[in-house]
Amino acid sequence: MAHQSTTSPTSTRQPPLLLADLDAAHDRWVAGVQQLGEEGLQRSADEAEGPYAAYPLASLVLHIHREVIHHGAEILLLRDLYRSRPLTG
């Protein structure tokens, strides 16, 4: 069986397009959270949310925000380490 690449089709796109994709995803996320409104954010999360099922959706939203910030920081750290690596040859 031949190895199939799991690379995303966007992986070959240029950085401005990737940033536009990121901006669009952020805008969709913000719009979705805003559509919940105060009442929606106060209702319990779905059972599919595991340990967050017993908490209001606002808790899940905050958790997701923290995770995005955390993993984004890790990505930027790796980028900075890659940029500062010694060049050989």
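Residues numbered from 1 in each chain as written. Predicted model: local features only at pLDDT ≥ 70, side-chain atom pairs only at ≥ 80, totals over all residues. Heavy atoms only, no water.

Caption draft 1: Examining a nonpolar patch on the surface more closely. On the surface, L77, L78 and L81 cluster together into a nonpolar patch covering about 320 Å² of accessible area. Along the chain, the position of L78 falls in helix α2 (residues 57-83). On the basis of relative accessible area, L78 is assigned to the exposed category, the value being 58%. (Patch = residues over 30% accessible without salt bridge, like charges linked within 9 Å, V, L, I, M, F, W, Y side chains within 5 Å. Areas by Shrake-Rupley, 256 points an atom, 1.4 Å probe, with all protein chains shown as cover. Salt bridge = Lys/Arg side-chain N within 4 Å of Asp/Glu carboxyl O. Helix = DSSP H or I, 4+ residues; strand = E, 2+ residues; numbered from the N terminus. Buried < 20%, exposed > 50% of the residue type's maximum accessible area, 1.4 Å probe, protein only.)

Caption draft 2: How the structure looks around the packing of aromatic side chains. If you walk through the whole model with that rule in mind, you get one aromatic pair. The side chain of R85 reaches across the aromatic face of Y82, ending 3.7 Å from its centre. (Phe/Tyr/Trp six-rings, centres within 6.5 Å; stacked < 30°, edge-to-face > 60°. Lys NZ or Arg CZ within 6 Å of the ring centre and 35° of its normal.)

Caption draft 3: Molecular detail of the packing of helix α1 (residues 15-42) against α2. In contact at an axis separation of 10 Å, α1 and α2 are set at 150° when each is read in the N-to-C sense. Overall, the two elements α1 and α2 adopt an arrangement that is roughly antiparallel. Across the interface between the two elements, W29, V33, L36, G40 and L41 of α1 pack against L57, A58, V61, I64 and H65 of α2. Looking at the contact of α1 with α2, its residues break down into eight nonpolar, two polar and no charged. (Axes fitted to C-alpha atoms, helices over the stretch in contact; angles between N-to-C directions. Parallel < 35°, antiparallel > 145°, perpendicular 65-115°, else oblique. Contact = heavy atoms within 4.5 Å. Nonpolar A, V, L, I, M, F, W, Y, C, P; charged D, E, K, R; others polar.)

Caption draft 4: Highlighting the pattern of salt bridges. Going through the model one piece at a time under the given rule, you end up with one salt bridge. As a salt-bridge pair, R79 and D80 come within 2.9 Å of each other at their nearest N and O atoms. In this structure R79 comes out as partly exposed when scored by relative accessible area, which is 36%.

Caption draft 5: Summary view of α2. The end-to-end C-alpha separation of α2 is 39 Å, in line with the 39 Å expected for 27 residues at 1.5 Å each. If you check which residues of α2 are buried, you get L57, L60 and V61. Buried-residue contacts for α2 involve α1. (Expected span 1.5 Å × (residues − 1).)

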